[in-house]
Amino acid sequence: MPEMRMMATTGMLGYGYTEEAFRRGLAQKPDFIAADGGSMDPGPYYLGEGIPFVSRKAMKRDLALMIEAGIEHNIPVLVGSAGGGGSDPQVAFVREIAEEIAREKGLSFRMAVIHAEQPKDFIKQKIGEGKVAPLGPIADLTEEDVDESHRVVGMMGVEPFQKALEDGAQVVIAGRATDASIYSAIPLMRGYDPGLVWHLAKIIECAGQVTTPRPGQDCVLGTLTDDHFLVEPGHPDKRCTRMRIAAHTLYENPSPYHLVEPDGTLVTTESEYEQVDPRVVRVRGSRFEASNRYTVKLEGVKETGYRTVFIAGVRDPVLIAGIDGFIESCHERVAGEMANLGIGRESYTLNIRVYGKDATMGVREPVRRTAAHEIGVLVDVLADDEDTSKAVMAKARYALLHTDFPGRKCISGNLAIPFSPSDMPVGMTYGFNVWHTMELDDPLAPFPIDMIDV
Amino acid sequence: MARLVDLAQVLRSKNAGALLCTLDMMFEDEATYRRVLDSGAINVQRIADLYGVSDNEVSIIPYDVAYAIKVTIPRLARSGDPADSDIYGAQQHAPLLDIEIPD
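Scope of this entry: the structure provided in the associated data block.

About the thresholds
Going along each chain's sequence as written, the residues are numbered from 1 onward. Starting at A for chains and at 1 for ligands, labels are handed out in the order in which the entities are written. Predicted model: local features are reported for residues with pLDDT of at least 70 only, side-chain atom pairs are reported and counted for 80 or more only, and whole-chain, interface and lining totals are derived from all residues. With hydrogens and water set aside, each side-chain value is computed from the structure's full complement of heavy atoms. In this description a helix means any DSSP run of H or I spanning at least four residues, a strand means any run of E spanning at least two, and both kinds are numbered starting from the N terminus. Residue burial is assigned from relative accessible area. The probe radius is 1.4 Å, only protein chains are included, and a residue is buried under 20% of its type maximum, exposed over 50%, and partly exposed in between. Here a residue-residue contact requires only that any non-hydrogen atoms of the pair lie within 4.5 Å. Note that accessible areas follow from Shrake-Rupley with a 1.4 Å probe, and for residues the cover is restricted to the protein chains shown. In summary, the charge assignment counts Lys and Arg as positive and Asp and Glu as negative, without counting His or the chain termini. Note that the charge is assigned to NZ on lysines, CZ on arginines, CG on aspartates and CD on glutamates. Note on definitions: salt bridges are taken to be side-chain nitrogens of Lys or Arg within 4 Å of carboxyl oxygens of Asp or Glu. Any two rings among Phe, Tyr and Trp, with Trp reduced to its six-membered ring, count as a pair given centres within 6.5 Å; such a pair is stacked if its planes are under 30 degrees apart, edge-to-face if over 60, and tilted if neither. The criterion is that NZ of a Lys, or CZ of an Arg, lies within 6 Å of the ring centre and within 35 degrees of the ring normal, and then a charge sits over that ring. Put simply, buried area is the surface a 1.4 Å probe can reach on two separate parts but cannot reach once they are joined, added for both. We call two N or O atoms a polar contact when they sit within 3.5 Å, provided that within protein one can donate a hydrogen and the other can accept it, with sequence-adjacent residues counted only if both atoms are side-chain atoms. Here, the arc refers to the directions that run from the helix axis to the C-beta atoms. For two strands to pair, DSSP has to find at least two bridges joining them. Each axis is a line fitted through C-alpha atoms, and for a helix only the stretch in contact is used; angles between axes span 0 to 180 degrees, taken between their N-to-C directions.

Assigned secondary structure in chain A consists of 13 helices and 19 strands. By its C-alpha atoms, chain A is 80 × 50 × 45 Å across when sized along the principal axes. Counting only residues that meet the buried cut, chain A has 59% of its 454 residues in that class. At a minimum sequence separation of 6, the contacts of chain A that also span at least 24 residues come to 77%. Of the roughly 18100 Å² of accessible surface on chain A, 50% is carried by carbon and sulfur atoms. Averaging the positions of the 47 positive and the 66 negative side-chain charges in chain A gives two centres separated by 6 Å.

What follows is the structure in structure tokens.
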């Protein structure tokens, strides 16, 4: 079997890569180039709003080089989880950038746009068939959860990419997809060993993450043969080390030995890692255990209310020493003041975090007494409408600033407030309420493909 | 007796999805890795106590090939929930630093 080469430009479209590494990678004649475009790490907001978490300018820069090179060398260009969450508006955002690039560079190509948003009726039907299950510590998905959700995406496997390529797409802008599917689709079509394919794909989907020295994202090249694969950085000053490559399956996974994909599991228990030269690592022995069921992950969010945020510093040592009781009394005071306005405690969530004490780990913080000479108070309010959110915050700010505490001498104000305006409305917020798997009969059906001649 | 922070090359935490937090301890060489692993100091009960979770919520997987020990626990709250304080889960490793490893 001939060698097959692929280039991952960046671990996240918009996080960047160097042109030097990219050109050097292209000179090695990759069979395709690709980038992951998404992650749920930034939390539920971006999927909820349907917007990216990188700038349009950064995304366009990363995508333009890839599309230009793809057309010039006549190789496919794949982007998965486009726009961050891979929902319809996020995919449309990337599609529009691709069309703009084509116009500006005078390029024409066949482009596939693959959708990943899941209709509520379809998910409910699957719940009814018993085909939906929790993915981790979360309750069974109910029809009410689905009704309550704002947006749900399904995570596609390789099949929609493969269909798009079979139908002649040169550029594929896909919605939510497993990171490794982006890189596995083409090699699996060509018959390479699925264990090696999925493992290589899993390693290079984070691109520069597997190279050293670490700083910055950059291109990584993967080369498949019939019995091993090689990983090397695009950039001449960077290296892939055996340890870094072996360690990569630890990253963001509950197990480094078993990585679950829609149609089976990558098993690395017998994988062998070998340093070929100072920059290149060879891997053999990875296996793929096919499953008899095809399951995709569902990720969905619901609206959780309008947030207003306020931050201030406390330098008074008496107040720092008694901060817990003080905050408790402020909660009471705000509740009383809001009751006077006819707004009950059930209408809002008031959260007061103390940085310098336990704001990062909450009840899991083992250090119970702060030694800090100053602390930060971060207040956030969630409410069903923006007016209530702002009203609660105005009372909370006043309470924190002017509530008495034992031994108080700073009677003109308890806080150093750094900004005017002090209260920051940040709009609607979202929470994950769907984190499940859904069994499919047809891996293509929930991921419709638009073919576009750009 | 040594503290884990003095023996480990990497001590990190990160989301493994929106519901789980995964903690990786990585060591420079096999001897150090074996010393920590064989000491039994990284055990389910210790992790459960440190993070206030129950025993059956803790997973510990030694990963010989990278001289690493992976621990996974539930997040305190789902990523992005009102009670969440660490969306990426990247700063939940500190309680591991002081675990004492016998000589």
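This part is about the pattern of salt bridges. Residues and elements named next belong to chain A. Going through the model one piece at a time under the given rule, you end up with 45 salt bridges over all chains. Of the charged contacts, one joins Arg-176 and Glu-299 as a salt bridge, the two residues approaching to 2.8 Å between their closest N and O atoms. You can see Arg-176 sitting in the loop between β7 (171–174) and α8 (179–189) and its partner Glu-299 sitting in strand β15 (residues 294–314), a full 123 residues away along the chain. For the pair formed by Arg-176 and Glu-299, the shared burial category is buried. The salt bridge involving Asp-423 is made with Arg-397; its shortest N-O contact spans 2.9 Å. Here Asp-423, found in strand β18 (residues 423–440), pairs with Arg-397, found in helix α13 (residues 386–402); they are 26 residues apart in sequence, far enough to count as distant. In this structure Asp-423 comes out as buried when scored by relative accessible area, which is 17%.

Two measures describe an aromatic ring pair: the distance that separates the ring centres and the angle between the ring planes. All names here are of chain A. Applying the stated rule across the entire model yields 10 aromatic pairs over all chains. Ring centres of Phe-326 and Phe-405 lie 5.8 Å apart, and the angle between their planes is 85°; this geometry places the pair in the edge-to-face category. Taken together, the residues Phe-326 in helix α12 (residues 323–340) and Phe-405 in the loop between α13 and β18 connect sequence positions 79 residues apart. Of the residues examined, Phe-405 reaches a relative accessible area of 10% and is grouped as buried. The side chain of Arg-61 reaches across the aromatic face of Tyr-17, ending 4.7 Å from its centre.

Turning to the interface of chain B and chain A, a few remarks are in order. In this complex, chain B contributes 43 residues to the contact, which on the side of chain A involves 39 residues. Of the roughly 3300 Å² buried between chain B and chain A, counting both surfaces, carbon and sulfur atoms make up 61%. The interface formed by chain B and chain A contains 1 salt bridge. A salt bridge links Lys14(B) to Asp41(A); its shortest N-O distance comes to 2.7 Å. Taken together, chain B and chain A are joined by 17 residue pairs in polar contact (both at pLDDT 80 or more).

On to the side chain of Lys126(A). Residue and element names in this part refer to chain A. Mapped onto the elements of the fold, Lys-126 is located in helix α5 (residues 120–128). Here Glu-439 takes part through its backbone oxygen, which lies 3.3 Å from a polar atom of the side chain of Lys-126. When near neighbours in sequence (up to four residues on either side) are disregarded, Lys-126 contacts Lys-131, Val-132, Met-438, Glu-439, Leu-440 and Asp-441.

The subject of this paragraph is helix α1 (residues 19–27) of chain A. Residues and elements named next belong to chain A. If you check which residues of α1 are buried, you get Ala-21, Phe-22, Gly-25 and Leu-26. Taken around the axis of α1, the buried residues stretch over an arc of 135°, which confines them to a single face. Packed against the buried residues of α1 are β1 (4–8), β2 (32–38), α3 (56–73) and β8 (220–224). Immediately downstream of α1, the backbone of Lys-29 shows phi near 55°, a positive value.

Once that is clear, we can look at unusual backbone geometry. Of note, the amide linkage connecting Thr212(A) to Pro213(A) takes the cis form, showing an omega dihedral of -5°. Inspection of the secondary structure assignment puts Pro213(A) in the loop between α9 (194–204) and β8. Along the chain, Ser420(A) connects to Pro421(A) via a cis peptide bond; the corresponding omega equals 5°. Secondary-structure assignment places Pro421(A) in the loop between α13 and β18. The phi torsion at Asn74(A) lies on the positive side, around 55°, for a residue other than glycine. Topologically, Asn74(A) is positioned in the loop between α3 and β3 (77–84). Positive phi is not limited to glycine here, since Tyr67(B) has a value of about 50°. Positionally, Tyr67(B) belongs in the loop between β4 (59–63) and β5 (68–74).

So, on to the environment of Glu20(A). Here Glu20(A) lies in helix α1. Between the C-alpha atoms of Glu20(A) and Gly234(A), which are 214 residues apart in sequence, the distance is 8.0 Å.

Residues and elements named next belong to chain A. With 6 of 8 residues buried, helix α7 (residues 159–166) lies mostly within the body of the structure. Regarding α7, the residues found buried are Glu-159, Pro-160, Phe-161, Gln-162, Ala-164 and Leu-165. Next to the buried residues of α7 lie β3, β4 (110–114), β7, α8, β15 and β19 (449–453). Gly-168 sits one or two residues past α7 and shows a positive phi near 95°.

Residues and elements named next belong to chain A. Within β1, 5 of the 5 residues are buried, which leaves the element mostly enclosed by the surrounding structure. The side-chain alternation of β1 yields two buried faces, one formed by Met-4, Met-6 and Ala-8 and the other by Arg-5 and Met-7. Note that β1 and β8 share 5 bridges and pair antiparallel. Counterpart to Ala-8 in the pairing with β8 is Val-220. Taken together, the 3 bridges between β1 and β2 define a ladder with parallel strand orientation. Directly across from Met-7, in β2, lies its bridge partner Ile-33.

This next bit is on the sheet that holds strand β9 (residues 229–233) of chain A. All names here are of chain A. Taking strand neighbours across the sheet as the criterion, the 10 strands line up as β12-β13-β9-β8-β1-β2-β3-β7-β4-β19 in an open arrangement whose pairing is mixed. The outermost strands of the open sheet, each flanked by one partner alone, are β12 (272–277) and β19. Pairs of neighbouring strands in the sheet enclose a mean axial angle of 20°, with direction left out of account. Bridge count between β4 and β19: 5 bridges; the pairing is antiparallel. Within β19, the residue paired with Ile-114 across the bridge is Ile-449. In the packing of α9 onto the sheet, the strands contacted are β1, β8, β9, β12 and β13 (280–284), and the crossing angle to β9 comes to about 15°.

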